[in-house]
Every structure is written in C-alpha cells, then in structure tokens.
Amino acid sequence: MFKMYSKIKVFTGVFIFLALATFPFWNKVFIVSKTNYEMPDANIKPALAFARENGFSGCIEDRAFMRAKHMKLLNHWRNEVVRENKKTYINSKGEHFNKSLTGTCLKCHSNKEEFCDSCHTSAGVKPYCFDCHITGIQNTNQLNSKAEAIHEIK
Amino acid sequence: MKILFALITVLILSLAAFTGVEYLHMEYVFGIVIPYAAFIIFIAGFTAKIFYWAKSPVPFNITTTAGQQKSLKWIKSDHFENPSGSFGVIGRMFMEIFFFRSLFRNTKAGLVKSSKSESFKPGYASDKSLWLGGLMFHWSFLYILIRHLRFFLYPIPSAIVTLEKFDSMFQIGLPIFYLTDAILLLSVTFLFLRRVFIPQVKYISLIADFIPLFLILAIAFSGIMMRYVSRVDVIGVKELVMSLTSFSPALPEKVSSVFYVHFFLVSSLFMYFPFSKLMHMGGVFFSPTRNMTGDSRRIRHVNPWNYSVKVHSYEEYEDEFREAMKGAGLPLDKE
Amino acid sequence: MANLPKSEELSRVNYEMPKKVWSKVETTFEPGTYCYGEKAGPVGILGLPNPREWDPADPDWKLVPDWKETMNKSFKTRLERFRSLKVFMDICVRCGACADKCHFYIGTGDPKNMPVLRAELMRSVYRKQNTASGKLLGKIAGAREMTEDVLKEWYKYFYQCTECRRCSIFCPYGIDTAEITMQARELMHEVGVGINWVVGPASNSFMTGNHLGLKPHAIVNSVESLLEDIKSITGVTVNPTFNRKGAEILFITPSADFFAEPGIYTMMGYLLLFEHIGLDYTLSTYASEGGNFGLFTSHEMMKRLNSKMYAEAERLKVKWLLGGECGHMWRVVHQYMSTMTGPASFLEKPVSPITGTKFSFADSTKFVHIAEFTADLIRNNKIKLDKSRNDHRKITFHDSCNISRGMGMFEEPRYIIKNVANHFFEMPEETIREKTFCCGSGSGLNTNEFMETRLKGGFARASAVKHVQETHGVNLLTAMCAIDRAAFPSLLNYWTPGVDTSGLMELVGNALVMDGEKKRTVDLRDNDLLLPPENSSEGSHV
C-alpha cells in the first residue's frame, strides 16, 4: 500500500463521497427491505364499455401519446372549456369527445388508484387535478354527480 | 476559437447520442453501457484523485489568516477567519463550502482620475455578482440533482416530494415550471457571459473552462426540452433508471431520443469530472490555507519529511570571527 | 532612478488585454523591470547549482545541458512533498476573482501579473507532465513543455510576485499564489536560476548571521552609535548586551534595524523600552537576523538560515525568544519555524517577566512578537507614556502582508499606536487588515535595478496613503516590517511626497517617559517636537 497522510480524514471523506454517490444503488437495502421497485402494471385494461356504448373505437389518442402528454391535453382542455366554452374535442380519427376528465376519461379509467396514482406515485408527481376533482372519493359514481354538478353551475 | 471548440465538442456529443438512438437504435449503448461506464469512471477517478492528493503530506501550517489571531486574552480573536481550533476550522470550511465566504469578499478594481492632478489612482467597488452567480448556480444544481432522486428511489421520500413542491410553488405552466431550472439556466448563462465579456476573464479562459459550461447548459436544455416541449414517458425513464440501479438493466418501451441525449450528456459530465477543474468539488476540502488552524505557534505541526540541512554553526562562526569578536569585547566559547 | 517616468504617467495604467494569447506573448527584459541574476559568489557560498556570471537580458543563460530533466524531476519531488502544490495545480476554475487583487497587476496592467495567470505559467507545465489530458491533448488541454522561453517567463513573473497572499484571501479555494511562487522559485534554483538580491543576502545571512553581512564588531559598533544618539536625545544611558549567556530572553530583529534608516529608530525604540522595564535580555551577533531570505529561495534554504535562532537560544541558555518588527520573519516564525527546526524543548513556555502574562499562544515556538509583548505591558500599565510626543505625527498604519495574512496580528499594533499617539487615521477599508496591499518590494525584490516595477507594484498601497494624506494630512506611515521600512521611503517619495516611514517601536520610543530622562525637545530622529506652551508641567500627559 502506498503511503497516505491525514488518513482518517481522507477515508472518512471518501467514504461519505462514495456513500452519497452510490446511494441510488444501495438505498433499496435499507428503505424498501422486501421488494424491488415494480413497474406500474402496464397491462391494466380500462373498462371500455363506456367507449363502446358511445360508438368510440377506444381511447381518444394512442397509448404512447397519452402516456407522455395526457397532462398537457388535460390542461389544454381545462383552459378551453372554462375560458372559451369550447367543450368538444375532435381526435385524430375525427371522433368527437366531451372535454371532461370525470365525464370522459374516468368513465373508462374508472379506478383512480390503478390508472392515475400508480404511475404518479412511482414518478413522484402530484397533479393538482385532484385538488378539486377528487377528494377522498374513490368511487367514480359518487364522483360523477359531484363533478357534473360543479360543471353545470358554470 | 476556444469557445467554438468547446461548443462544437458539446454539439458533437449531443448529436452522437441523438443519431445513435434515433437512427442506429443504439439504446443499449446510450442507455445502459455508457451510463454504467460513466458512473464507474466517475467514482473511481474521483477517489483516485483524492488519494493522489492524500499521498502528499501537508508539511507546513500555511493557513491564510484573514482575521485577528488568538493572542492576548483581552484581544478578541476571529474564530472563523483565523481559526484557533477545529471548531473554527469547521466553521470556516462550512462558510466557504456552503456560502462561498471568500468570493463574498470580491471587489472590482479600476482607475479613478484624481480631482487635483493629472494622475490616476486605483478605486475599489464591491462586486458580488460572481458570488451571487456562483452561489445560485451551485445551489440550483444541487437542488436539481436531489430532485432527480425521484427517478432513483421507490417509494419516493416525502422530503423529495416537498422539495419538488417548493420548486414549483408558483404553478407556472404545465408541467409546472421548476424555479431551479430557471435559476440554473440564468446563472450558467451569466457565468458564460462574464467569461466572454470581461476581458480579463476571457483572456485567462481555457477550452477546459468552456466545456463544462456548455455541457451543463446542454444538459439543462435537453432536460427542459423533454419536460416541457417534447414530452418523454417518465414512467419509461424511471423503469430504465430503476433497472440500472438494481443491476438488472432492461430497456423500457420506446422513450424519446431527447432523453438519451440528456442521459448521455450527463454521463459525459461524469466521465469528464475527475480529470478536470470540476475536481474543485473535492479539492476545496483539501486546501491547506483554509482547512488548518492558525495556532501554529501554540501547537507544533509535524513535517514527515523534515530532513536535516547544512547549517553554518556557531563554532564555525566564532572560528571565523574570533579576533573581531575579541576586539569588540564579545564573550567567546573558546579563547 | 533619474530616468523614471513621472508619477502621473505611471499612474495611467493600461488594462487592455493583448491581442495575442498569453502563451504566445514573448518575455522581454527591459531595464528597471527585472532583477539581476544571481552571481557566482553567493551561489557558491550556499552550494547552489551552476554558479556563474550571467544576465537575464542576454539570450544565453548558460544553463547546464540537462537542466530540463533536473527541473522536471524536482517538480515531481515537490509534488510528492507538498499537497498544497498538487491541489493548487489541479483545482483552479479560473473564475478570475483574484485577477485584479494583485498590486502588480493593478500597477502594471500586465495580464501575467494576474495571480491566476501567474499560476497558469506553472500549471501549463504541470499538465504536460502530470495529467493524462495534458499528455494526450497538449495545447487543447492547456498544457505545454518546459522550455527555455517558459523558464524566462517564470523568472520574470515569479520575481514579480511578492508572496503577499492578497489574492489567496479572495480565492474560493484558498489557492495561495505565494505557495506557487515559492515552489517555482525553488525549482528555478535547482537549475541555477535566481536573483542576486535574494541569494546575496541569503549567503550573507548564512555566513555572518545577517542579510547585510554585518560582522560581529560592526553590529556592536552600530548599536553603540545608536546608544550615543539615545543619550543625547533622552539623556538616558542604555546598556544592551551581546551574546550573553544566561539572559532570560534572546531578542532577534531584522538586521536592517541595526544599520539602516529608518529601521535604526525602531531599534532605538526597542532599546529604550527594554531599559525602561529592566528586561533581562541579550542580542546575538550570530543570530543577528530576524528576516529570512531563505523563504524567498527554497524551503531548504529557509531552514538553513532559520536554524540559527534556536541554536543560539540553546547555546545562550535563554528561556524564550522575543522578536522585532519584521514581516516575512514572522511568516517563518509563526508558520514554519517550530515545524522546521523545533521542537524547542530546551526553552521554556514564554511568560512576561514584567506582567506575569503567559503567552500561551506561543507555547510551542516560544517566540513572542514585540507588539504582543508591548501591548501586554501597556494593558497592565507597566510603562510610562507621553502621547503628546508624537503629536507632530499624523499616523497611518500599514498592515504588512505576512503579519496580516500569514499570522493575523491586526489589533496589537493598533492598540499600541492609540496608546502612544493622538493622531491615528486608517486607510480605506479595502486596503488594510487582511486586504492590505503590499509595498511592492517584498520577497526579495527590494532592489534598485527593479525600481520601475517596484513603484508600479507599490502604486495601490501608495495611492491609499495619498488618500489619507489628502484627507487627514497624514505625514507618517507606520509599519511593522523591515522591508516596508526600506521600501516605503522611495516609494512614498515618488507617489505621495511628504509622508515618512517608521516602525511601531519608534513611536513607542518617542512616547516613553524614561527614568531620569532630560526634557525632550526632539524625537528619536532629531525632529522638533510640538511642545506644549511653556510652564506646562512635564509628564502631565502620562
């Protein structure tokens, strides 16, 4: 071994550095003891009954688009509905949709825990949609009447 | 020239990653192989550099004293600017590392025309811009780094969620614009501009001073792009990152090439780090002028290589000057 | 000095950067802007390499054929010995905070006097030899070979740094250009390149014990002539001893205080004070130099000269050491001496025999500064002072670089001045205390052939003096440093005529009310005192 000076301080420093730098690798050992990170289940199928009943082929846009950009879309919808009173969305296939989180999206994606929270929790995202639209209500039926009531008033 | 060289280097790096993923489908290389290699190079290189420094001793106590020494009891000494014990040294280092104490002192010198004659004299104005720019840059960088832990951890600690919430408190845009992104961009741009527009700083700058600036700018830019402009699938990114940190690398479904550009630039920064001036991060702890006590007359500092030297002894001196000393009535050891 | 430009002209500094990159700007040696090369004589006495007669302005420096290898090897050795060197070579980010902090840059506008660039002169060579990127990428990585041109550049600019450490205070990593300059000079000495004004005094000090080369009888004679002056001015007979065994304290001061104006007045101050308090002390002709030009040569030379102090203290069996007013002496005593030539276990922990104060801050080195010692005397009312005897002086205090940034003594001298004089004015805040400006002649550059650059180097300091001269009528600059006392008279005479230079103890000597003294009408320089109107009783100011 080569000679080194102020060993204790240097090793302490290097130890702290290495501990911090490798934190992403070892944190699992201490923080989550039992399981590794599991991807949100990509195979959960939305209940498409609503879509079918209304004659739609499926979701308003394709899966990749929705995964990456749904928040932009919803934000856009909100602005258009609330500020410009434009309530109809026409998708790339020419289908017409009512611009409504609860009235359209959540009809099929009816389980918030599965469809919203699993990914948001995984990525550490806290959307403020649910500040108004859902508060402690997990059942979409209850929710619908409340949300529609709010929108009716407007 | 220097600036162009650095800029082109960073552009080539960005393009390489983009082309590699977009057209050559080398996700495996840019998403798995290079990040692993970069990380290993970073920690190994960093540690090696620290050991390289530590192999040399600090032979003398060379504290720079910027405040009153601890001497007579009734004179107030300055604990932090001239530490007389480890408490003071820790305080001094803390101020230096977290608040850039020395840079805070910064002034700007210039010539002032004398009102009474044709001569000039130097004048000094306080100049905190470098201090502020540097401080904002480093703090926002650290903040962003910690915020990124949301991609590395599961479950995400509430502290990181809080940090993120705080960072987006103004709720501008969607996804909400992070304040630290703005601060980082502004401060790096400022650091770049002062390198270009202050003639002295421009004159002393090397290519190696522009490369990290452009690299960090490009990293910030690509990060902002994929968050605000061309969205990437965050879940896919997290899937990749988590697979890397659990040593079972797996590529996610298609994630935008912008992400790979970002990831590759970050990897490049990590690889470049140990071999560059960026090592000031470790070096600041090693600076003997700041991390030692000022009490070198009270406590003896030991030099491990203190070899003996040729001296001119009193005996030799007396032999040489005996007659003169006798004549001057000086006492002698040997008559 | 006859052909020096007018001060108005010299004050118009051009800060424009050259068009060429710095590595392509040629090094030139114009008269007045470089120091003469080391001469064969002193180099031989000290046993340094390649003694010869040469002139830096000549193209041929008469280097030994393998000088480059020697230098590269020495560089490696220094890196192995000094962590500071490695770290300072590696971590600079060139933020430029230091750029306009150097008095030589402020005075010359030469970019290579920006501390960051001065260090780059060395860093570029370091990169070529010690870093992978430097070896592979060369110029792109800011690396370059050591060549004769580079050596000339080093010679010019590392002898345009006074090791004052002002830049270091502003550096976010505490990179100390003094440390870099010391190493560069040390490396150059390895191949026989140095300046005579450093090597000459160092060899004198080695052989005779002091830089001026005063032989034992000359020291005794010059002190005796000072005693006569003291007698005629104060009416008091003072009897110092030399080389006396068994004295309690060995007093060591820079040799200029024995011999050269205005240092001799400081010496008279010491002698009067010691007589006044009846101190049991002795002077030494062997350790007759407080200063240490070895500090400006190499660490080894520093030790070779410094070791006389403890050796003499041990031989004379004194209890501890008291030191006079000197800047770089205190850098060595405070930060190097105990490490280099200690532990001084044969000495006792210093205690003031007059006040009983334990100087515990000097427990290891056993070396106390005269200002610390005197401040303690004043605080304990052990000396009688008449402040009005300095009333003809409007005083400003210059913090000497090494005392400030290599020791941290700011309050003691101010406390003393305020107790021995009535008119004290501080210079602007950015130019005092830890931010003090060097006189421009430190670290062995106090030589006449270098006058033009010295004046430029002293421009920042002198301008601050001029400021207090204009605003407060200051007519005396007091400084605790022998190089200051030697450099300031010509510097201030050029930039701001009408301001004299003194040491601190000269003021104390003026104010001291000695037992059995005669009525004083003149100060220690034979200048008339501002006397109070007749009939006012003597000593009323005590």
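Residues numbered from 1 in each chain as written. Chains lettered and ligands numbered in written order. Predicted model: local features only at pLDDT ≥ 70, side-chain atom pairs only at ≥ 80, totals over all residues.

Structural notes on the packing of helix α1 (residues 2-22) of chain B against helix α11 (residues 257-272) of chain B
To characterise two packed helices, one gives the angle between the axes of the helices and the distance between these axes. Residue and element names in this part refer to chain B. Our working definition: Angles shown run from 0 to 180 degrees and are taken between the N-to-C directions of axes, each axis being a line fitted to C-alpha atoms and, for helices, limited to the stretch in contact. Numbering of helices and strands runs from the N terminus, with a helix taken as a DSSP run of H or I at least four residues long and a strand as a DSSP run of E at least two residues long. Should an angle fall under 35 degrees it is taken as roughly parallel, and over 145 as roughly antiparallel, whereas 65 to 115 is taken as roughly perpendicular and any remaining angle as oblique. By the definition used in this description, the sense in which the near helix is turned from the far one sets the handedness, with an anticlockwise turn below a right angle giving left-handed and a clockwise turn giving right-handed. In this description, any two residues whose backbone-derived C-beta atoms lie within 7 Å of each other are considered to be in contact.
Packing of α1 against α11 leaves a shortest axis separation of 8 Å and a crossing angle of 135°. Classed by the angle they form, the pair α1 and α11 counts as oblique. Relative to α11, α1 is oriented so that their crossing is right-handed. In this structure, α1 uses Leu13, Ser14, Ala17, Phe18, Val21 and Glu22 to contact α11, whose residues at the interface are Ser257, Tyr260, Val261, Phe264, Leu265 and Ser268.

Quick word on the domain arrangement of chain C
Residue and element names in this part refer to chain C. Under the convention used in this document: In this document the domain limits rely on a domain assignment from an automatic tool or a database.
When its domains are assigned, chain C resolves into domain 1 (12-194), domain 2 (206-379) and domain 3 (387-511). A C-alpha centroid distance of 22 Å is found between domain 2 and domain 3. Opposite the 31 residues of domain 2 that make contact, domain 3 presents 30 residues. Looking at the side of domain 2 that touches domain 3, the elements with two or more residues in it are α13 (256-259), α14 (263-277), α16 (327-341) and α17 (370-379).

Quick word on the interface of chain B and chain C
When the parts of a complex come together, some accessible area is lost, and that lost area is often used as the size of the interface. This is how it is decided: Throughout this entry, Asp, Glu, Lys and Arg are counted as charged residues, while Ala, Val, Leu, Ile, Met, Phe, Trp, Tyr, Cys and Pro are counted as nonpolar. The remaining residues, Gly among them, count as polar.
Across the contact, 85 residues belong to chain B and 100 residues belong to chain C. Every element with two or more residues in the side of chain B that touches chain C is listed here: α2 (27-54), α4 (101-104), β1 (107-113), β2 (120-126), α8 (199-204), α9 (207-229), α12 (280-283) and α13 (314-327) of chain B. Here the side of chain B that touches chain C is built from residues that sort into 45 nonpolar, 27 polar and 13 charged.

A look at the nonpolar core
Applicable threshold: In this usage, the nonpolar core is the set of buried Ala, Val, Leu, Ile, Met, Phe, Trp, Tyr and Cys residues whose C-beta atoms join them within 7 Å. Residue burial is a threshold on neighbouring C-beta atoms within 10 Å of the residue's own C-beta, all placed from the backbone, with 20 or more meaning buried, 12 or fewer meaning exposed, and counts in between meaning partly exposed.
With 247 residues, the main nonpolar core has Leu215 and Phe264 of chain B together with Met268, Ile417 and Val508 of chain C as its most contacted residues. Take this core: its biggest share by element is 11 residues, from α9 of chain B. Excluding its chain neighbours within four sequence positions, the residues that come into contact with phenylalanine 264 of chain B are Leu13, Ala17, Phe30 and Ile34 of chain B.

A closer look at the packing of helix α19 (residues 411-420) of chain C against helix α23 (residues 504-511) of chain C
Residues and elements named next belong to chain C. At their nearest, the axes of α19 and α23 sit 9 Å apart, and the two run at 30° to each other. With respect to α23, the element α19 is oriented roughly parallel. Once α19 is placed against α23, the crossing between them reads as left-handed. For the pair α19 and α23, the contacting residues are Pro413, Ile416, Ile417 and Val420 in the first and Leu504, Leu507, Val508 and Ala511 in the second.

Quick look at the interface of chain A and chain B
Chain A puts 32 residues into the contact, and the matching count from chain B is 32 residues. The set of elements that each furnish at least two residues to the side of chain A that touches chain B consists of α1 (7-21), α2 (23-31), α4 (63-84) and α6 (112-123) of chain A. Counted by class, the side of chain A that touches chain B contains 19 nonpolar, seven polar and six charged residues.

Topic: the sheet that holds strand β3 (residues 320-323) of chain C
Residue and element names in this part refer to chain C. Applied cut-off: We treat two strands as partners when DSSP finds at least two bridges between them.
Spatially, four strands are ordered β2-β1-β3-β4 in an open sheet, and the strand pairing comes out parallel. Two strands bound the open sheet, and with one partner strand each, they are β2 (281-283) and β4 (367-369). Strand after strand, the sheet turns through a mean of 30° between neighbouring axes, direction not considered. Bridge analysis of strand β1 (residues 249-252) against β3 gives four bridges, and the strand direction is parallel. Pairing of phenylalanine 251 across the sheet is with leucine 322, part of β3. Where helix α15 (residues 299-316) meets the sheet, its contacts fall on β1, β2 and β3, and the angle it forms with β1 comes to roughly 150°.

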